[in-house]
Amino acid sequence: METRQYPAEWNEWIAMLQVKPGEDPKDLGRRRDLWLQCHGEKIMERMLQGHYDKVAWEAVPSSQAGFTKQRNAPEQSLVLRLGTEQSMMERTTLAKGWVDYATFFMSICHRVMWEVEEWSGVEPEVTEVMKALREGLADVHGQQLRGLVGRYETEYGLTDEVPIEQGVGQGAILSPVRAKLVLGAVQKAVNKLCPGYMLRMDGRRLAMLCFADDAILLADSVHTLQLAFECTWLVS
């Protein structure tokens, strides 16, 4: 990493198109693309994971329970259920809106990812490593590393190479935590601009609950829920 020399094979990925439960296997557009990396690249990304996890722990709001040790979806369901019970007992409004990002991992723009990493506190040297393994490198020590390319696995073999010009790569070691940083920016915007719903148990106002890239917006009126949707849309 210090010499900025990486094997050319590291920027060559292969995608398996996994059939989602209950989906028509003939509809390729509904399959989940899982990207395979070289083993050496996985080891290197594992070396960087501690730093990314530390940054995410400090930068991502605690209302995100996905991709985090000792956190899970049931705890989010419990908070939502408690809020629902409170609104029923008090006869107040609890407006809910679900957010489901389509092809989230592979839709993140590289430029946005680099800006979010800088804003979140990722060390510049670490980001430079990820830039090289996504966008390639110009001539370094007489070698040139091309940008990331991928091929798809089919019944008839591998397809021709296609450039991968965006996305964190679903299946890559660091894709969950890096995607969580991007979602953290959305969470912070919603928390700052939207009043959310007040929980009587501790007095805090909760505007958004997330588990990975699935989220629910909470508000005490329909018009503030609309504001939360608009904030989510604009920041995303």
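In short, a report on the structure. (Residues numbered from 1 in each chain as written. Predicted model: local features only at pLDDT ≥ 70, side-chain atom pairs only at ≥ 80, totals over all residues. Heavy atoms only, no water.)

Another point: the sheet that holds strand β12 (residues 214–219). Spatial ordering of the open sheet is given by β3-β12-β11, a layout of three strands whose pairing is antiparallel. The sheet terminates laterally at β3 (95–100) and β11 (208–211), the two strands that pair on one side only. If you compare each strand with its neighbour and ignore which way they point, the axes differ by 15 degrees on average. Bridge analysis of β11 against β12 gives four bridges, and the strand direction is antiparallel. Within β12, the position partnered with Leu-209 by the bridge is Ile-216. Taken strand by strand, helix α2 (residues 73–90) contacts β3, β11 and β12, and its axis lies near 155 degrees from that of β11. The strands that helix α6 (residues 222–235) touches are β3, β11 and β12; relative to β3, the one it contacts most, it runs at about 20 degrees. (Pairing = 2+ DSSP bridges. Helix = DSSP H or I, 4+ residues; strand = E, 2+ residues; numbered from the N terminus. Axes fitted to C-alpha atoms, helices over the stretch in contact; angles between N-to-C directions. Contact = heavy atoms within 4.5 Å.)

Glancing now at the pairing of β12. Burial within β12 is extensive, with five of its six residues counted as buried. In this structure, β3 lies alongside β12, joined through six bridges in antiparallel fashion. Bridged to Lys-96 within β12 is Leu-218. Counting the residues that bridge the hairpin from β11 to β12 gives two residues, and of these Ala-212 lies at a positive phi of roughly 60 degrees. (Buried < 20%, exposed > 50% of the residue type's maximum accessible area, 1.4 Å probe, protein only.)

Next up on the list: helix α3 (residues 110–120). Note: α-helices contain 3.6 residues per turn, so residues at a spacing of three or four share the same orientation. Along α3, the residues classified as buried are His-110, Met-113, Trp-114, Val-116, Glu-117 and Ser-120. When α3 is viewed along its axis, its buried side chains cluster within an angular range of 165 degrees and face the same direction. Away from its buried face, by an angle of more than 90 degrees, α3 presents the exposed residues Arg-111 and Glu-118. Directly after α3, the chain includes Gly-121, whose backbone phi takes a positive value near 105 degrees. (Arc of directions from axis to C-beta.)

Cysteine pairs can be covalently joined through their sulfur atoms, and such a bond is termed a disulfide. Applying the stated rule across the entire model yields zero disulfides. Cys-194 takes part in no disulfide bond, and the closest cysteine sulfur, belonging to Cys-231, lies 3.8 Å away. Overall, Cys-194 belongs to the buried group, its relative accessible area being 7%. (Disulfide = S-S within 2.5 Å.)

Turning next to helix α1 (residues 39–59). The end-to-end C-alpha distance of α1 is 29 Å, a good match for the 30 Å that 21 residues give at a rise of 1.5 Å each. At Leu-48, α1 shows its largest kink, close to 40 degrees. Taken residue by residue, α1 has Glu-41, Met-44, Glu-45, Leu-48, Gln-49, Tyr-52, Val-55, Ala-56 and Ala-59 as its buried positions. (Expected span 1.5 Å × (residues − 1). Bend = angle between axes of the 7 residues up to and from the residue.)

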